[in-house]
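Structural characterization, general
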Amino acid sequence: MGNNARGTMRNGNVNNGRMATRANVNRPLPGRQVTLHGGGSAVIRPNGQIRTINRNGMQINRGINGNRVVVSTHNGARVVTTGRNSGYVQRAYVTRGNRAYVSRTVVVNHVTYTRVYRSYSYGGYCCYYGYHPAYYYAPAYYGWAYNPWPAPVYYGWGWRASPWYGYYGGYFAPYPTYPSAAFWLTDYLIAANLQAAYEARASARAAAAESNNGGGDQQQTQDSGNDNSAANSGPVTLTPEVKEAIAEEVKAQLAAQQAAAQQTSSSDAQQQGSNSNASQEVPAALDPARHTFIVAGDLTVASEGQECQLTAGDVIKRTSDDPDDDRKVTATVSASKKSDCAVGREIAIGVDDLQEMHNKFEEQLDNGMKDLSSKQGQNGLPKAPETKTVPSDVPPPPPDNNAAKTLEEQQAAADQTESQAVKEAFSQGS
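Think of each chain on its own: its residues are numbered from 1, step by step along the sequence as written. Local features are withheld for residues below a pLDDT of 70 in this predicted model, meaning they are given only at 70 or higher, and side-chain atom pairs are given and counted only at 80 or more; totals for whole chains, interfaces and linings count all residues. The basis for every side-chain value is the complete set of non-hydrogen atoms in the structure, without hydrogens or water.

Time to look at the overall build of the protein chain. The helix count covers DSSP runs of H or I at least four residues long, the strand count covers runs of E at least two residues long, and both are numbered beginning at the N terminus. Counting secondary structure elements, the protein chain contains eight helices and 20 strands. Here the protein chain, with 430 residues, has 46% of them falling under the buried criterion. Here the accessible surface of atoms and residues is derived via Shrake-Rupley with a 1.4 Å probe, and residues count as covered only by protein chains that are part of the display. Carbon and sulfur atoms make up 49% of the accessible area of the protein chain, which amounts to about 20100 Å² in all. Burial here depends on accessible area, computed with a 1.4 Å probe over protein chains only, as a share of the maximum for the residue type. Under 20% is buried, over 50% is exposed, and the range in between is partly exposed.

Below, the structure written as structure tokens:
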């Protein structure tokens, strides 16, 4: 037998092994599906908790900790609610060459802002959405953030009095000194996600209290099994190795932004980029050069026929590049908080979920660069060059003034749909 034949067999065995592993990780979850009398269907977990409801164009997804995500389309707009007073309304925006862009009016705890995303197809699927910056800095500023500083810098964040910091003190500790801005930005990103996790937990408890008093959002009253009250005890969970992996992702993104800033400064290059074949681009979620992702919100994932929970600030590493038929890839948990998916556990995760994690990563990195530009030259930070910004080729539009109302209406409709579906589903027996 020739070497090529033996190589083919070996590669076949490897591929078959990977496919078998992925199939095992993403094997069907226990539960039962019921057809609802009023149309649509629901999936119920073995413990009686609703997992999903599909009815009248509305999809309701319940995490094992009770969090709820509702998705629907109204008048061409994609409406996604992620909790009380939180979510976004996405609409078609502009087209540049063969690139289509959408705008999202985001609402978080009554704060509204707009972001732009580029939509594109890949591997026969449409559409993925990639974050598009509103502005760029001069290339020199990105280089300053990427490269080592003249000497390591001590920086006091002032987090000690913050409730989230004390709560997650056993999970995360900032670097004692910073050899470059990339490591400063790494701590900034982790802190932003942990603060979001703390606020989401507080909102979930408030929703549970409201539900106990007769309000909506029915299943928030269930015990989530995700109490991190002991998160500030024991050794720090987010290890130096994991933080180093995040720092490498930060450096890679800074390099990508520097290249984009250089391209933006050239009208010819910008025009050439606008006319390139966007459908051939690999989404960041599947980019072989990117593997580490910071979880940006509550997410329930599958793992060998079971479910476990991820929350903002957990860290995962993608271990496969090719999605399965459910558009999921495998990943391992690199760092997690108490009662979240255990470290080292292999999970199946949707490519769309990974893409949203990366989008949030880019958005938070932009916020961090803005914060750093306002603080450079102060409190021990070295002075940075050229921190002025220039608008990107597709700046965001004004916010949709009706977005908050649209999200509130969808949340109320979801309350009613879920209440009716729960009654119908359980009237059919267990």
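This brings us to the nonpolar core. One recurring pattern in soluble globular proteins is that nonpolar side chains are buried together. Nonpolar core, defined: a set of buried Ala, Val, Leu, Ile, Met, Phe, Trp, Tyr and Cys residues in which side-chain atoms within 4.5 Å join the residues together. Membership of the largest hydrophobic core comes to 47 residues, with the highest contact counts inside it found for Phe172, Trp184, Val250 and Leu254. Secondary-structure elements contributing two or more residues to this core are strand E11 (135–137), helix H2 (139–146), strand E12 (148–153), helix H3 (163–167), helix H4 (181–212), helix H5 (240–264) and helix H7 (351–375). Setting aside its immediate chain neighbours within four residues, Val250 contacts Ala182, Leu185, Thr186, Leu189, Phe361 and Leu365. By size, the runner-up hydrophobic cluster in this structure holds 19 residues, among which are Phe293, Leu299, Ala331 and Cys341. Whether two residues are in contact is decided by their heavy atoms, any of which lying within 4.5 Å being enough.

So, about the pairing of strand E16 (residues 306–310). Any two strands with at least two DSSP bridges between them are considered paired. Direction of pairing for strand E15 (residues 299–303) relative to E16: antiparallel, over a ladder of five bridges. Each residue of the ladder has a partner; that of Ala302, found in E16, is Glu307. Taking the residues that link successive antiparallel strands as the turn, the E15-E16 hairpin has two residues, and the phi of Glu304 there is positive, at about 55°.

This next bit is on the state of the cysteines. Two cysteines, two sulfur atoms, one covalent bond between them: this is a disulfide. When two cysteine sulfur atoms lie within 2.5 Å, the pair is treated as a disulfide. Evaluated as defined, the whole model comprises two disulfides. Shown here is the disulfide that connects Cys126 with Cys127, its sulfur atoms set 1.8 Å apart. The side chain of Cys308 participates in a disulfide bridge whose partner is Cys341; the two sulfur atoms lie 2.0 Å from each other. Linking Cys308 and Cys341, the disulfide has an S-S dihedral of approximately 100° and is accordingly described as right-handed. On the criterion of sequence distance, the pair formed by Cys308 in strand E16 and Cys341 in the loop between strand E18 (328–335) and strand E19 (346–350) is long-range, its members being 33 residues apart. Judged by relative accessible area, which is 5%, Cys308 ranks as buried. A relative accessible area of 0% means that Cys341 is categorised as buried. Ordinal numbering of bonded cysteines along the protein chain defines a disulfide pattern of 1-2, 3-4.

The calculated volume of the second largest pocket comes to roughly 790 Å³. Throughout, the protein atoms alone are placed on a 1 Å grid, and a set of points is a cavity if a 1.4 Å probe fits but cannot get out or a pocket if it is open with protein on both sides within 12 Å along at least five of seven lines; lining residues have an atom within 4 Å of a point. What lines the second largest pocket is a set of 30 residues, among which Arg118, Tyr131, Tyr136, Ala260 and Glu281 lie closest to the centre. Broken down by secondary-structure element, the contributors of at least two residues to the lining of the second largest pocket are strand E8 (99–108), strand E9 (111–122), strand E10 (125–132), H5, helix H6 (267–274) and H7. If one sorts the elements of the lining of the second largest pocket by residue count, H5 sits on top with seven residues. Residues were grouped as follows: Ala, Val, Leu, Ile, Met, Phe, Trp, Tyr, Cys and Pro as nonpolar; Asp, Glu, Lys and Arg as charged; and all remaining residues, including Gly, as polar. Each residue belonging to the lining of the second largest pocket can be placed in one class, and the counts come to 11 nonpolar, 12 polar and seven charged. Grid points are joined across faces, edges and corners, and a volume is the space filled by probe spheres set on the points.

Looking at the protein chain as a whole, its pLDDT mean stands at 86, while 84% of the residues score no less than 70. Between residues 214–234, whose pLDDT stays under 50, and residues either more than four places distant or in other chains, the model counts 66 contacts. pLDDT: the predictor's confidence for each residue, scored from 0 to 100. Here residues 268–279 is modelled with pLDDT under 50, and outside its nearest four sequence neighbours on either side it reaches 24 contacts, counting other chains as well.

Before going further, it helps to examine the pattern of salt bridges. One speaks of a salt bridge when a side-chain nitrogen belonging to Lys or Arg is within 4 Å of a carboxyl oxygen belonging to Asp or Glu. Tallied over the entire structure, the rule returns 22 salt bridges. The partner of Asp415 in a salt bridge is Arg68, with the nearest N and O atoms 2.8 Å apart. Here Asp415, found in helix H8 (residues 403–427), pairs with Arg68, found in strand E5 (residues 68–74); they are 347 residues apart in sequence, far enough to count as distant. Residue classification places Asp415 among the buried residues on the basis of a relative accessible area of 14%. The closest approach of N and O atoms between Glu418 and Arg68, which form a salt bridge, is 2.7 Å. Note that Glu418 is positioned in helix H8 and Arg68 in strand E5, a separation of 350 residues in sequence. Given the relative accessible area of 0%, Glu418 is considered buried. Each of the salt bridges in this network shares a partner with another, and the network as a whole consists of Arg62, Arg68, Arg84, Asp415 and Glu418.

It is worth spelling out the sheet that holds strand E7 (residues 86–96) at this point. Reading across from one edge, E1-E2-E3-E4-E5-E6-E7-E8-E9-E10 is the order of the 10 strands in this open sheet, with antiparallel pairing throughout. Single-partner strands in this sheet number two, and they are strand E1 (32–35) and E10. Averaged over all neighbouring strand pairs, the angle between strand axes comes to 20°, with direction disregarded. Here E1 runs beside strand E2 (residues 41–44); their pairing, made up of four bridges, is antiparallel. In the sheet register, Gln33 faces E2, and the bridge partner there is Val43. Axis definition: a line fitted to C-alpha atoms, limited for helices to the stretch in contact. Angles are taken between N-to-C directions and run from 0 to 180 degrees. Here H7 sits on the sheet and contacts E8, E9 and E10; the angle it forms with E10, its principal contact strand, is near 15°.

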